[in-house]
Structure formats: structure tokens, C-alpha cells
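# Survey of secondary and tertiary structure
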Amino acid sequence: MCFTLKKILVIYYTQTGQARLALDAVLKPFLGNPEYKVDFELIRPKKQLPYPWKYSEFFDVFPENVHGIPFDFEPLTIDINTDYDLVIIGYQPWFLSICRPVNSFLLSDVAKKLLNGKPVITIINCRNMWLGAQEKMKRCLLDLNSKLVGNIVFADRSSNLTSLVTVLAFELKGVKQNFMGMFPRYGVSDKDLEAAPQIGKLIETALKQNNFDKLQDLIVAKDFVTVKPNLLLMEGRGRALFPLYANYVSKKGTAGSEERKGRVRTFGIVLPTAILILSPIITIVSRLAPLIAYAKIKRQVHYYQQNSLK
Ligand SMILES: Cc1cc2nc3c(=O)[nH]c(=O)nc-3n(C[C@H](O)[C@H](O)[C@H](O)COP(=O)(O)O)c2cc1C
């Protein structure tokens with residue numbers, strides 16, 4: 001049979017392999033299929049990031065990550081002159097912003113070359129708060145003259161308070177499951193991984209027809225872009241306050257410096273405590289909010305599920 005080979009670039013970052021699980025699951029219909037050439041490219045920071053993180057290291061990346069300051073990464077291994085038919089970006093939100101390795105790529109000259117005029121699909125893996133990061137992603141992609149045609153989200157399925165504990169155990173201790181003998185496994189769920197090839201099939205149909213217009217609605221219908229009103233409200237608070245606190249820390253010193261350690265430590269205590277206290281309150285407010293502001297919440301949920309930028 002005669003067909004034109006379609007080329008897909010998958011640019012991603014992962015520390016523990018969660019992103020790669022999500023990417024492989026979505027891309028299952030493409031892998032090993034002779035009609036497609038899929039190039040995976042892992043962003044490799046020049047300075048290796050720690051895992052598991054020390055408490056101080058974890059919270060010290062906050063200011064530069066929120067401010068979107070790029071760092072150097074190793075040269076890509078692909079041929080950057082390849083004319084890809086589709087680009088997929090696999091990334092994690094870090095402190096409600098795009099994780100620094102992927103953000104560094106997006107701000108690079110090589111991204112300008114590879115993404116110019118291309119349809120792009122983002123695949124996010126996270127605890128549960130990705131809205132702010134994706135808004136920044138939308139901005140970056142517009143600046144790169146590429147078109148965001150799909151967004152797929154793999155969020156941890158536990159409650160906000162449970163995943164607050166399990167994500168910290170995962171990031172700071174490297175414990176993925178059964179923390180303290182009672183907490184559930186952290187990360188992308190098996191149920192989502194099993195369902196993900198269906199999304200891959202939708203992408204394949206869109207790519208074959210060279211028409212991505214309906215893709216995002218189909219992804220939403222498959223429940224792969226859940227926006228929960230309580231998290232929407234909570235993240236809104238964080239997005240307003242984070243840049244202010246990031247400035248406050250940065251003013252004291254540069255990344256890793258002794259001078260800013262006090263402010264970083266305070267942030268490391270205040271953030272989990274605030275989530276702990278605010279989570280139940282915001283959950284109650286968000287249950288009441290639809291009664292008072294149903295149309296507004298519905299509008300916001302719809303906005304974050306689609307790909308244009310306000
Ligand atoms: C520094 C840092 C900050 C994070 N901030 C967030 C966040 O704001 N929202 C969220 O949902 N998850 C957050 N996470 C969790 C990640 O999104 C993700 O679950 C984790 O990094 C595992 O993905 P990986 O194995 O692909 O690297 C954060 C993780 C790190 C390391």
C-alpha cells in the first residue's frame with residue numbers, strides 16, 4: 001500500500017518517568033506503525049536536577065520557575081531541519097508554571113525553528129493543578145507561531161489533601177506508593193493509561209484528515225481535561241500570589257544562595273500549610289459557588305478546557 005510517511009516530534013521532560021508513561025499510552029496507535037515516524041526527544045538540562053529532592057532544593061526552584069527563567073540544556077539529538085507534521089509536548093507544571101526544562105526549550109532558538117507553523121498537542125502529567133502552566137504554554141506557542149490543537153491531562157486521581165501528602169512523599173522521599181502504609185500510589189493512574197490509546201486514535205484520525213478542529217472537544221468528551229471548580233478557585237489564589245512571593249525570595253539572592261534560604265524555608269512551610277487549611281474551605285465554597293455563580297464557573301471550566309488564550 002502507498003502512503004505518505006507522517007513525522008511526529010515528541011518533546012518532553014520527565015524526572016521519574018511519569019510523563020513517558022502518559023506519552024507512550026497516548027501514542028500507542030503510532031508506535032511500530034510504518035505510516036508514522038515518531039521521534040522522542042528528552043530535554044536534558046546541562047545541570048542535572050536532583051531526585052528525590054532535598055526539601056530546600058525543591059522549594060528553591062520556585063522563584064526561577066515562576067519567573068520562567070531559562071537554563072541551558074544539552075543539544076537535541078534529532079535533525080532540527082526535519083519538517084514535522086505534528087509536535088507533541090509532554091510536560092509537568094511546577095509551582096503552577098511550566099517546568100523549567102520545557103520552558104527553557106520553548107524559549108530557545110531551536111524551538112522557534114521546530115515549532116514554527118506546526119500543530120501542537122500538549123500532554124500534561126501532574127498532581128492536579130495545571131491551569132496556570134497551560135495558560136503560559138498557550139502564550140509561548142502563540143509566540144512561536146504554532147497552533148495548539150489539543151491538550152490532554154493526566155492528573156493524580158486522589159483528593160487534593162491526599163495528593164498533597166503523596167506528591168511530597170514522591171518528590172522528597174522517592175516513595176511512590178503505600179506511604180506510611182496507608183496512602184495510595186501517586187501519579188498517573190492505570191485507568192487513564194488504559195484509556196489513553198483511544199485519544200491516540202482520535203489524534204491519528206485528525207492527523208490523517210489534516211483537520212484538528214474537533215479534536216479538543218473529543219478529548220474533553222473522553223474526560224481527559226477535567227477542571228474541578230474547587231481546584232480552579234484554589235489555583236487562582238496561588239497564581240495571584242506566587243509571582244509576588246517569587247519576587248520577594250529573588251530579591252534576597254540567586255538560586256541556591258545562602259542569603260535567600262530563610263525565605264525559601266518559610267515558603268516551604270507556608271505553602272503546604274495553606275493548602276491544608278484552604279483546601280476544605282475552598283471545597284465548601286466551590287460547592288456553594290455553582291448555586292450563586294453557576295454561569296461564571298461553567299464559563300471558566302469551559303475556557304480552561306479549550307485551547308485559545310484570553
Ligand atoms: C518542583 C516541582 C513542583 C511541582 N509543582 C506542581 C504543581 O504546581 N502542580 C501540580 O499539579 N503538580 C506539581 N508537581 C508534580 C509534577 O507535576 C509531576 O507529578 C511530577 O513531577 C512527576 O512527573 P515526572 O515523573 O514526569 O517528572 C511538581 C513537581 C515538582 C518536582
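Residues numbered from 1 in each chain as written. Predicted model: local features only at pLDDT ≥ 70, side-chain atom pairs only at ≥ 80, totals over all residues. Heavy atoms only, no water.

### Some thoughts on the sheet that holds strand β6 (residues 119-126)
Within the open sheet, the five strands sit side by side as β2-β1-β3-β6-β7. Their pairing is parallel. Among the strands making up the open sheet, the edge pair consists of β2 (36-42) and β7 (147-155). Between one strand axis and the next, the sheet turns by 15 degrees as a mean value, whatever way the strands run. Across seven bridges, the pairing between strand β1 (residues 6-12) and β2 is parallel. (Pairing = 2+ DSSP bridges. Helix = DSSP H or I, 4+ residues; strand = E, 2+ residues; numbered from the N terminus. Axes fitted to C-alpha atoms, helices over the stretch in contact; angles between N-to-C directions.)

### A look at unusual backbone geometry
At the junction of Y51 and P52, the peptide bond is cis and its omega measures out at -10 degrees in the coordinates. On the secondary structure map, P52 appears in the loop between β2 and α2 (55-60). One non-glycine residue, L96, lies in positive phi territory at about 65 degrees. Among the structural elements, L96 can be located in the loop between β4 (93-94) and β5 (97-98). Here L96 falls in the buried class, since its relative accessible area comes to 11%. (Buried < 20%, exposed > 50% of the residue type's maximum accessible area, 1.4 Å probe, protein only.)

### Observations regarding the side chain of T14
With respect to the helices and strands, the residue T14 is situated in the loop between β1 and α1 (18-26). There is a polar contact of 2.8 Å between the side chain of T14 and the backbone nitrogen of G17. A polar contact is formed between the side chain of T14 and the backbone nitrogen of A19, at a distance of 3.5 Å. Apart from the residues lying within four places of it in its own chain, the contact partners of T14 are A19, R20, L42 and Q92. (Polar contact = N/O pair within 3.5 Å; in protein donor to acceptor, adjacent residues only side chain to side chain. Contact = heavy atoms within 4.5 Å.)

### Structural notes on the site of the ligand
The environment of the ligand is formed by 22 residues, the closest being T14, Q15, T16, M129 and Y186. A distance of 3.2 Å separates an oxygen atom of the ligand from a polar backbone atom of P93. Summarising the interface, the protein chains cover 96% of the accessible area of the ligand, which totals 620 Å² for the free molecule. Contributing elements (two or more residues each) for the shell around the ligand: α1, β4, β6 and α7 (160-173). Here the residues of the shell around the ligand are counted per class, giving twelve nonpolar, eight polar and two charged. (Near = heavy atom within 4 Å. Areas by Shrake-Rupley, 256 points an atom, 1.4 Å probe, with all protein chains shown as cover. Nonpolar A, V, L, I, M, F, W, Y, C, P; charged D, E, K, R; others polar.)

### Focus on the packing of α7 against helix α11 (residues 261-305)
Two elements in contact, α7 and α11, have axes separated by 10 Å at closest approach and are oriented at 160 degrees. In this view, α7 runs roughly antiparallel relative to α11, as classed from their interaxial angle. Relative to α11, the crossing made by α7 is left-handed. Here α7 contributes N160, L161, L164 and L168 to the contact with α11, which in turn contributes P272, I275, L276 and S279. For the contact of α7 with α11, the per-class residue count stands at six nonpolar, two polar and no charged. (Parallel < 35°, antiparallel > 145°, perpendicular 65-115°, else oblique. Left-handed = near helix turned anticlockwise from the far one by under 90°.)

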